[in-house]
Amino acid sequence: MYNYIKIEERQAVMILTISAPKSLNALNSTILDEMNHFLDHFDCNKYRCLIITGDGEKSFVAGADISEMANLNVPQGQTFGSHGANVFRKIETLHVPVIAAVNGFALGGGCELAMACDIRICSDNARFGQPEVGLGIIPGFSGTVRLARLVGMGMAKQLIYTGKAIKADEALRIGLVNAVVSQAELMDKALELANQIAANAPLAVKAAKLCINAEYDMPMDEAITYESGIFGHCFATEDQKNGMKAFLNKEKPVFNGK
Ligand code: CO8
């Protein structure tokens, strides 16, 4: 069905692998279209976590496809930029958590894709960077938006102005990734995290994601009120009844996402 993405189901977890090996999985319009279609049809009731990775052991995503961008004019550049940004925003607002399993280069649009995910883990050969200014452009898939939010203004400016890539251990140090493991362990680690998430009440996880995303830019009092409202709605769910009943009965809870 897709030419550039592979889909693999592991019980309640879905793995999406971006696969364009000849260009180190660089994102062209067709890949963005395929990701968009996949996300629009993703069943958040069936799957409780999504993992995104890249094909091979060298590259997660080496950026947007430079050969496609080379001859764009201004409106075409804006269209291409917003195409990627819209797809990434769908990832960020998907009703289940998304884990980036970064298996190598995460440059330009690849770093931006990883940043749109909820959690990033990487292999020890991973490299992160926003090299766009070396190509005469700026990060155009929301990198100037998300990088500062993740690692702070000073470090984001350094990475974007210099265009220099950083290694996995530096990405860990500045908080760009949550964990670094060997290439061989990467998918196991991603699945372990995904399964931990999948074992919890899906509506509560969804509500937590909604809160964390929405409250980030709110004034403190507004954010606290927002959280209280969503917290209250949890008590309308069967999962809350089941979870608390199971705890009080010293049983393992079974959550059905209702
Ligand atoms: N686009 C297209 N092709 C690419 C890309 C890319 N981003 N990255 C690698 N490739 C291709 C190479 O051209 C090469 O193709 P070929 O075999 O036909 O020559 C093949 O992949 C293998 O690459 P290399 O031979 O260069 O492999 P190396 O191991 O020597 O180097 C690197 C690996 C360091 C990853 C190197 O390929 C590289 O620097 N790639 C470009 C990285 C980059 O600059 N990424 C940012 C792109 S800009 C961007 O992402 C902007 C996002 C926002 C867009 C908004 C639009 C408006």
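No experiment lies behind these values; they were computed from the predicted model shown.

> So what exactly am I meant to see when it comes to the site of the ligand here?
The environment of the ligand is formed by 25 residues, the closest being Lys58, Ala62, Ala64, Ile66 and Gly109. For the ligand, an oxygen atom lies 2.6 Å from a polar atom in the side chain of Lys58. At 2.9 Å from a nitrogen atom of the ligand is found a main-chain nitrogen or oxygen belonging to Ala62. Those elements that provide at least two residues to the shell around the ligand are helix 2 (66-69), helix 3 (74-92), strand 6 (105-107) and helix 4 (109-116). For the shell around the ligand, the leading source of residues is helix 3, giving three residues. Grouping the amino acids of the shell around the ligand by side-chain chemistry returns 13 nonpolar, seven polar and five charged.

> Looking at this structure, how should I read a nonpolar patch on the surface?
A surface patch of nonpolar side chains, about 260 Å² in accessible area, is lined by Ile66, Leu135 and Ile137. The residue Ile66 is located in helix 2 in this model. Since its relative accessible area comes to 46%, Ile66 is described here as partly exposed.

> Which parts of the structure should I look at to understand the nonpolar core?
Generally speaking, soluble globular proteins have nonpolar side chains that are buried together. Among the nonpolar cores identified, the biggest contains 51 residues, and Ile18, Leu50, Ile52, Ile91, Phe128 and Leu176 are the most heavily contacted of them. When sequence neighbours within four positions are dropped, the list of residues in contact with Ile91 reads Met35, Leu39, Ile52, Val98, Leu113, Ala116, Cys117 and Lys209. By size, the runner-up hydrophobic cluster in this structure holds 17 residues, among which are Ala179, Val181, Leu191 and Leu193.

> Please explain helix 8 (residues 186-198) as it appears in this structure.
Three or four residues apart is the spacing at which side chains of an α-helix point the same way, because the helix has 3.6 residues per turn. The end-to-end C-alpha separation of helix 8 is 18 Å, in line with the 18 Å expected for 13 residues at 1.5 Å each. Listing the buried residues of helix 8 in full gives Leu186, Ala190, Leu191, Leu193, Ala194, Ile197 and Ala198. Along helix 8, the residues classed as buried sweep out an arc of 160° about the axis, all on the same side.

Calculation notes
Residues numbered from 1 in each chain as written. Predicted model: local features only at pLDDT ≥ 70, side-chain atom pairs only at ≥ 80, totals over all residues. Heavy atoms only, no water. Near = heavy atom within 4 Å. Polar contact = N/O pair within 3.5 Å; in protein donor to acceptor, adjacent residues only side chain to side chain. Helix = DSSP H or I, 4+ residues; strand = E, 2+ residues; numbered from the N terminus. Nonpolar A, V, L, I, M, F, W, Y, C, P; charged D, E, K, R; others polar. Patch = residues over 30% accessible without salt bridge, like charges linked within 9 Å, V, L, I, M, F, W, Y side chains within 5 Å. Areas by Shrake-Rupley, 256 points an atom, 1.4 Å probe, with all protein chains shown as cover. Salt bridge = Lys/Arg side-chain N within 4 Å of Asp/Glu carboxyl O. Buried < 20%, exposed > 50% of the residue type's maximum accessible area, 1.4 Å probe, protein only. Core = buried A, V, L, I, M, F, W, Y, C linked by side-chain atoms within 4.5 Å. Contact = heavy atoms within 4.5 Å. Expected span 1.5 Å × (residues − 1). Arc of directions from axis to C-beta.

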